[in-house]
There are 2 protein chains.
Amino acid sequence: MLSTENEILGVLEERYHVKSPLLLKGIGDDAAVIHPKGAEEDWLVTGDMLVENVDFRRGWSSPRELGCKSLCVNLSDLAAMGARPRGFTVSLALPGDLPESWLLSFYEGLSESGNSHGAMLVGGDLSRSEVIVISITLFGESLKRKVLYRGGGRAGDLLYVTGILGRSAAGLKLLEGGRVRPRSRIQREALQAHRAPQPRCKPGLWLAQCGMVSCMMDLSDGLSMDLPRMCKASGTGAEIYSSRLPVFPASLSWGCDPLDLAFHGGEDYELLFAVPKRKADTFEKSYPRNYPRITNIGRLCQGHEVVWVVEPGAGRRPLLEHGHDHFRPKSPRSR
Amino acid sequence: MLSTENEILGVLEERYHVKSPLLLKGIGDDAAVIHPKGAEEDWLVTGDMLVENVDFRRGWSSPRELGCKSLCVNLSDLAAMGARPRGFTVSLALPGDLPESWLLSFYEGLSESGNSHGAMLVGGDLSRSEVIVISITLFGESLKRKVLYRGGGRAGDLLYVTGILGRSAAGLKLLEGGRVRPRSRIQREALQAHRAPQPRCKPGLWLAQCGMVSCMMDLSDGLSMDLPRMCKASGTGAEIYSSRLPVFPASLSWGCDPLDLAFHGGEDYELLFAVPKRKADTFEKSYPRNYPRITNIGRLCQGHEVVWVVEPGAGRRPLLEHGHDHFRPKSPRSR
């Protein structure tokens, strides 16, 4: 039996830890960072694999949307380090009876998403399987060699997120309940967040350039899974003020708990980052108004990877890791 | 229904053809070639996907061997362009009941193979599936920016291959017949070629540096599938002298046709390359003696992608593409 993803990745990170003049960062962040000899910039590489009926369902998205989203999850990894996407490879395993039109629409979605963020399709591979498997590797370059890592945070730094948390998971709940077509504007918004998430490439680049952010990552498996990873890398704990979380309250109307989805939902592809307290005022004032809103949701604190939730009038309780893990039983996305 | 791999790749190559100062070569060669601004060298990226029961069987190789081989198929792509491997990402989809020891041995094989060729494991992703899916993306750098492409051949150039053809396919035939453990030295050799192919990294690098090779690729799907790709890229035809092919005659003893396997077997991971006729003598004399042997098997000729087989006393006949294609019925590896 396999351990959880976190445990497996922990073992690999320890066993295959290397640093060299070429490799500035290996396993253990959103992307690997290399520096080709002589190059003006650092180059970043990230990869994600999506499996049909595990990470997506064919009937829940158009092939074009799925193409966009497959690239998005990778674009989000580069956004999280402040890098500019440049190119990607796509390896696919496909059922032999898949309509060719499906495949071509999928590539259109990929290419559309790539074009709008500056990344070209450069190659890949094909194989055959019972279900669709999508493996994308995306590479990109830094700007002025300013790259943000997970591990730069210090106790006392304020924690921020972009956008809204739990909206994608609210969309997934609709799909799981059979609601593939929205019945209201708000359902459309939730489904859109799940099917066609927007990677935060521009905000990510700005955050890396502004010089006020100490660490950053993207939220793909849920705050309760991802924040402890940031804490582990930074050697800190964290406190979250639950009343401040930018939740998606409308999901109440289809039986969701907005706060629970904000903590554990996953697939938001928003950015989580920290800013030293003394810089926070300047930071908030200089953050561009036309970018997705940011919210101060808590702070890094002394402690060892433990995340505390502070609830108004109820003191603090430890946050349990109920986010997404492919190998843990009862993981939300494990269907 | 999907077309053949060649047809799909042809459509993608046409639709998504891009050239830019960054992208020197996109879809359509063994690897993509990029030039990071300011870098001393070109950087190459290649990816391969292997699916259990389609591209490999769990019972036919140890996890360590499978790790080595998974990286080898990528190393071979870089060898084919004369590049030096530097790093790789591994994305895996795994059945939840896979023993953890299997996974760790697989990574040991990967890492062992990577170390012996200068490539570090830098990242990847995990997902879940019914069968094992392995997706590796390997990157590497040129030496003195000398990169060999498929498309540099001219009519008249002599065609060479490294090593022996059809030996890996002969090993596969043994496995398909239930012979997982060899009964002779020669069976061991065939099984070894199939389970633990040796990428031709050093010869590939030498061939790119010597300045006498006009085009090169690796043989992964069989000569009958791969040579037409070289012809298409070079705008030529080709002639193969069947009596000269470096076949694996011992496979006769377990019912194989060595010539058929040399043409159509696949997974040899040998190099196929061309040398202008006037340079051939000098080339053959300067090729290092301690490298795998090379054999002149024919020549590029005028014509449109057609490959002719010249048989002693029997004139010439067109070579049919019976090599490996994931989506063509009755493809040899399609089990």
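So, the pattern of salt bridges
All names here are of chain B.
Turning to step 1, where the next piece is worked out: What the rule picks out here adds up to 36 salt bridges over all chains.
Turning to step 2, where the next piece is worked out: Between R84 and E141 there is a salt bridge, with the nearest N and O atoms lying 3.7 Å from each other. Highlighted residues: R84 in strand β4 (residues 84-94) and E141 in strand β6 (residues 133-141), separated in sequence by 57 residues.
Turning to step 3, where the next piece is worked out: You can call E141 buried: its relative accessible area is 11%.

Let's talk about the relation of the copies chain B and chain A
Turning to step 1, where the next piece is worked out: Note on the copies: chain B fits chain A at an RMSD of 0.0 Å, the axial shift is 0.0 Å, and the rotation between them is 180°. Taken together, the rotation and translation relating the two chain copies correspond to the operation of a two-fold axis. Judged by C-alpha distance, A39 of chain B is the residue of chain B that lies nearest the rotation axis, at 1.9 Å.
Turning to step 2, where the next piece is worked out: A shared binding surface is used by both copies, with 100% of the interface residues of chain B retained as interface residues in chain A.

Quick look at unusual backbone geometry
Residues and elements named next belong to chain B.
Turning to step 1, where the next piece is worked out: In this structure, K144 takes a positive phi of about 55° despite not being glycine.
Turning to step 2, where the next piece is worked out: For K144, the position within the fold is in the loop between β6 and β7 (158-162).
Turning to step 3, where the next piece is worked out: We note that Y269 has phi near 50°; this positive angle belongs to a residue other than glycine.
Turning to step 4, where the next piece is worked out: Along the chain, the position of Y269 falls in the loop between α8 (258-264) and β10 (270-275).

Details of the state of the cysteines
Residues and elements named next belong to chain A.
Turning to step 1, where the next piece is worked out: Counted by the stated rule, this structure contains zero disulfides over all chains.
Turning to step 2, where the next piece is worked out: This cysteine, C201, is not joined by any disulfide, and C72 carries the nearest cysteine sulfur, 7.8 Å off.
Turning to step 3, where the next piece is worked out: We classify C201 as buried; its relative accessible area is 9%.

Thoughts on the interface of chain B and chain A
Turning to step 1, where the next piece is worked out: Counting residues at the interface gives 66 residues for chain B and 66 residues for chain A.
Turning to step 2, where the next piece is worked out: Together chain B and chain A conceal approximately 5,800 Å² of surface at their shared face, both sides included; 66% is due to carbon and sulfur atoms.
Turning to step 3, where the next piece is worked out: Its largest share of buried area at the contact with chain A, chain B owes to M49, L126 and R128 of chain B, together 12% of the area lost on that side.
Turning to step 4, where the next piece is worked out: The tally of links between chain B and chain A comes to two salt bridges.
Turning to step 5, where the next piece is worked out: The closest approach of N and O atoms between E108 of chain B and R15 of chain A, which form a salt bridge, is 3.5 Å.
Turning to step 6, where the next piece is worked out: Taken together, the elements giving at least two residues each to the side of chain B that touches chain A come down to α1 (5-15), β2 (32-34), β3 (43-51), β4, α3 (100-117), β5 (120-128) and β6 of chain B.

What counts, and where the lines are drawn
- Residues numbered from 1 in each chain as written.
- Chains lettered and ligands numbered in written order.
- Predicted model: local features only at pLDDT ≥ 70, side-chain atom pairs only at ≥ 80, totals over all residues.
- Heavy atoms only, no water.
- Salt bridge = Lys/Arg side-chain N within 4 Å of Asp/Glu carboxyl O.
- Helix = DSSP H or I, 4+ residues; strand = E, 2+ residues; numbered from the N terminus.
- Buried < 20%, exposed > 50% of the residue type's maximum accessible area, 1.4 Å probe, protein only.
- Least-squares fit on C-alpha atoms with pLDDT ≥ 70 in both.
- Contact = heavy atoms within 4.5 Å.
- Disulfide = S-S within 2.5 Å.
- Buried area = accessible area lost by both parts, 1.4 Å probe.

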